[in-house]
Amino acid sequence: MVVVALDQLDRAYPPPLVLGQTVSQEMRDADGQLLRAFATPDGRWRLKTAAGDVDPLFIRMLVAYEDKRFHDHRGIDVLALGRAAFQLATNGRIVSGASTLSMQVARLMEPRQDRSLTAKARQMLRALQIERRLSKAEILDLYLTLAPYGGNIEGIRAASLAYFGKEPKRLGIDEAALLVALPQLPERRRPDRFPEAATEARKRVLDRMAAAEIVGKDETARAMMAAVPRSRKNLPALAAHMADAARRKAPQETVYRTTLRKSVQQGLESAASEAAAKLDPKVSVALVMADASTGEILGEVGSAGFFDTSRAGFVDMTRANRSPGSTLKPFIYGLAFEEGLVSQETVIEDRPADFSGYRPKNFDLTYQGDVSVREALQLSLNVPAVQLLEAVGPIKLLSRFRRADVRPILPTGEAPGLAIGLGGVGITLKDLVQIYAAIANRGRPVHLGDGIIEQADVIDGAPLLSPVAAWHVADILSAIRPPPGIAARPIAYKTGTSYGNRDAWSVGYDGRYVLGVWIGRADNGAVPGLTGYSHAAPLLFSAFNASGVASVPFPAPPPGAVRIAQSQLPPSLKRFAVDGYGLTAISAREKPPQIVYPPEGARVELGTSADGTPLPLVLKMQGGRAPFRWLANGRPLEAVSRNRTSQWMPDGAGYATLTVIDAIGRAASVAVFLK
């Protein structure tokens, strides 16, 4: 009869279990650590918790103190109820309660102000219903999520974070005892307001645990000597912009799992805050750190302070399109290396030049004269970069960025021009880090994703740069010294400053990690004196150190990667030849060289002789002026030939870049895959 009545009650008046499912949204890092939590619609900090999230000692203490027959009864502890009734009858007052954990869960899901017998009877009926619907483990999880701990704190996780600043996985004995004691009278025992009452309540729990031999007497004595926390701590509030974006994309989710690492995120936010404190109140800071081998975002700071209105901190500057200054120059040089136009020690001119009306000037308005290509990139000289960009072609540069799924924004109505090499496009900090990750990844592009919903991955297809070209760029950038007074770190890095000192950039990487820094005003206003070298580069080094990631050495040079002395270069590579107008010197009467075999993008199977000996790969070309110099992966082949057919013995399978240079410096390149 009782079972039939409960069945009818369940159908007509089911327990409000859905109320226990309203919890705080939270964002976690790659290891499951809490990065940020949001209060529930009614303003509660209520983090979903399971028994596995909590120190086992706390669970034992809770059950022993609140409901020692929890695993045996069906919602009502008849023995405890009889004892309480007898004590009430003999003493005329309540001496001890009889509420089970199941009854407390029922009360928490349907809170009532009155403490009448009717309310208690309703709790018991609800407890019976809950026991029929849920397992003991599920009931315990509900208690751990809903138990009150004072103010707007509910649940053991929120309480442990608020009072002790840590997850409840490893609670001390004194901490566990306090958290067992608080839910009975959460407002009267709040340690931040009534520390004496909290201390006394904790003592009662410890005494009972010692009597039950759950905690040893010596441990109990030490726990009683510990001070209770006298203030509440703020719950973690990291990665504000990423969390805000996640809630907009998937507002119904309860838990957002990210690729971030909590320690990295904390370090980057601390470094950004310290840097911003030294800047004008209207200047903002943004950083992105990623794992170049996977594309996973490890840390991301959209501004120095989300609620800092003077800096427009609510604007996520990692996603804002801004002029990148000189930060794209390494890719121009990489293409020039890949196509065999220059070597690191090739001499190139840094003098006033006119490129069909475009007259680039250096940042300091001076010129260095003859310099090596290596020096030109390290000094970030503008004229040499534009000369090389004209040779490789602006369209080709942008097409390489598309291989990394990055599409810089051109000025409205304009075709790609030489100005893009000096910052004449718009690009986001995230995209800038994404293309630099390709250099750090030996030329293989990666997609960073958004750190939450959009997955990071390695992009299949042609490389952004050949491994040899990527090595040359890293070899040059890694030799740039840090700004004065900044501790050195083994990274390759480049800085950039946009026109009018509006944006300061610095991007650096080692053998695995890449970090990008942007500094400027969110409203695109000028900042007098702001430069990439003086402002962004120091933050790059301090943020790398603050992130806590271990320094990863650069990988060994790929086959064919070698820095050749100027005296050993072939004649066509000793000097990058230009005429007085800044144009590559070519003869209008001759067709430029062209590689006809293997063709661009071909997959070539390496042959072997009858006895299994590898056969050389035949190389064929047309046009150009003899003699010809062939390069494989940036390394010159032994002989200079007047023939348009040559041979090359590859080191093995994989991507390769073949280049031929004629007598007057014209070059052609193809990228192929050897199998």
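Fair warning: this is a prediction, and the values are worked out from it, not measured in the lab. (Residues numbered from 1 in each chain as written. Predicted model: local features only at pLDDT ≥ 70, side-chain atom pairs only at ≥ 80, totals over all residues. Heavy atoms only, no water.)

1. Overview of the overall build of the protein
If you tally the helices and strands in the protein, you get 20 helices and 22 strands. Computed over its C-alpha atoms, the radius of gyration of the protein comes to 34 Å, more than 25% above the 26 Å expected for a compact globule of 675 residues. Overall size of the protein, expressed as C-alpha extent along the three principal axes, is 115 × 65 × 50 Å. Counting over 675 residues, the protein shows a buried share of 52%. Looking at the protein alone, contacts between residues at least 24 apart form 70% of all its contacts between residues at least 6 apart. Of the accessible surface of the protein, which amounts to about 30400 Å², a share of 53% is contributed by carbon and sulfur atoms. (Helix = DSSP H or I, 4+ residues; strand = E, 2+ residues; numbered from the N terminus. Rg over C-alpha atoms; globule rule 2.2 N^0.38 Å. Buried < 20%, exposed > 50% of the residue type's maximum accessible area, 1.4 Å probe, protein only. Contact = heavy atoms within 4.5 Å. Areas by Shrake-Rupley, 256 points an atom, 1.4 Å probe, with all protein chains shown as cover.)

2. What about the sheet that holds strand β21 (residues 654–661)?
One open sheet accounts for 5 strands, arranged β16-β22-β21-β18-β19; its pairing is mixed. The open sheet has two edge strands, β16 (603–604) and β19 (635–636), and neither has a second partner. Examined bridge by bridge, β21 and strand β22 (residues 667–674) share 8 bridges and lie antiparallel to one another. Bridge pairing in β22 links A656 to V672. (Pairing = 2+ DSSP bridges.)

3. Quick notes on the pairing of strand β14 (residues 513–521)
Counting buried residues in β14 gives 9 out of 9 residues, a clear majority hidden from the surface. Along β14, one buried face is formed by Y513, L515, V517, I519 and R521 and the opposite face, lined by V514, G516, W518 and G520, is buried too. In this sheet, β14 lies alongside strand β6 (residues 283–291) in antiparallel orientation, the contact comprising 9 bridges. Opposite V288, over in β14, you have G516 as the bridge partner. One ladder, built from 7 bridges, connects strand β13 (residues 503–509) with β14; its direction is antiparallel. Within β14, the residue paired with A504 across the bridge is I519. The hairpin turn running from β13 into β14, its antiparallel successor, is 3 residues long.

4. Regarding the nonpolar core
If you look at the biggest cluster of nonpolar residues, it comprises 108 residues, and the most contacted ones within it are L287, I435, Y436, Y509, I519 and L539. Sort the elements by how many residues they give to this core and helix α17 (residues 429–440) lands first, with 9 residues. Once residues within four sequence positions are removed from consideration, Y436 is found in contact with T327, P330, F331, K494, V507, Y509 and V514. Of all hydrophobic cores here, the second largest spans 52 residues; its members include A158, F164, L171 and L235. (Core = buried A, V, L, I, M, F, W, Y, C linked by side-chain atoms within 4.5 Å.)

5. Quick look at the sheet that holds strand β15 (residues 594–597)
Judged by pairing direction, the sheet is antiparallel, and its 3 strands sit side by side in the order β15-β17-β20 without closing on themselves. Each end of this open sheet is capped by a strand with a single partner; those strands are β15 and β20 (645–648). Ignoring strand direction, the axes of neighbouring strands in this sheet form an average angle of 35 degrees. As paired elements, β15 and strand β17 (residues 617–622) share 3 bridges and run antiparallel to each other. By the bridge assignment, Y597 is partnered in β17 with K620. (Axes fitted to C-alpha atoms, helices over the stretch in contact; angles between N-to-C directions.)

6. Some remarks on the packing of aromatic side chains
Taken as a whole and judged by the stated rule, the model has 7 aromatic pairs. Judged by centre distance (6.4 Å) and plane angle (55 degrees), the rings of Y436 and Y509 are tilted. Linking Y436 in helix α17 with Y509 in strand β13, this pair joins segments that are 73 residues apart in sequence. Taken together, the aromatic side chains of F331, F401, Y436, Y509 and F554 make up a single cluster linked through ring pairs. One residue, K136, lies across the ring of F70, its end atom 4.7 Å from the ring centre. The positively charged end of R247 is found above the aromatic ring belonging to F38, 3.8 Å away from the centroid. (Phe/Tyr/Trp six-rings, centres within 6.5 Å; stacked < 30°, edge-to-face > 60°. Lys NZ or Arg CZ within 6 Å of the ring centre and 35° of its normal.)

7. Topic: the environment of G334
Relative to the elements of secondary structure, G334 occurs in helix α13 (residues 329–338). Setting aside residues up to four positions removed in sequence, G334 forms contacts with L465, A469 and V473.

8. Here's the deal with the pairing of β20
Here β20 shows a buried face lined by S646 and W648 and an unburied face lined by T645 and Q647. In the sheet, β17 pairs with β20 via 4 bridges, with the strands oriented antiparallel. Each residue of the ladder has a partner; that of L619, found in β20, is S646.

9. A short note on the packing of helix α4 (residues 101–109) against helix α6 (residues 136–146)
Interhelical geometry of α4 versus α6 gives an angle of 50 degrees and a closest axis separation of 9 Å. Our classification of the angle between α4 and α6 gives oblique. Judged by the twist between their axes, the crossing of α4 over α6 is left-handed. Contact residues: L101, S102, Q104, V105, L108 and M109 in α4; I139, L140, L142, Y143 and L146 in α6. (Parallel < 35°, antiparallel > 145°, perpendicular 65-115°, else oblique. Left-handed = near helix turned anticlockwise from the far one by under 90°.)

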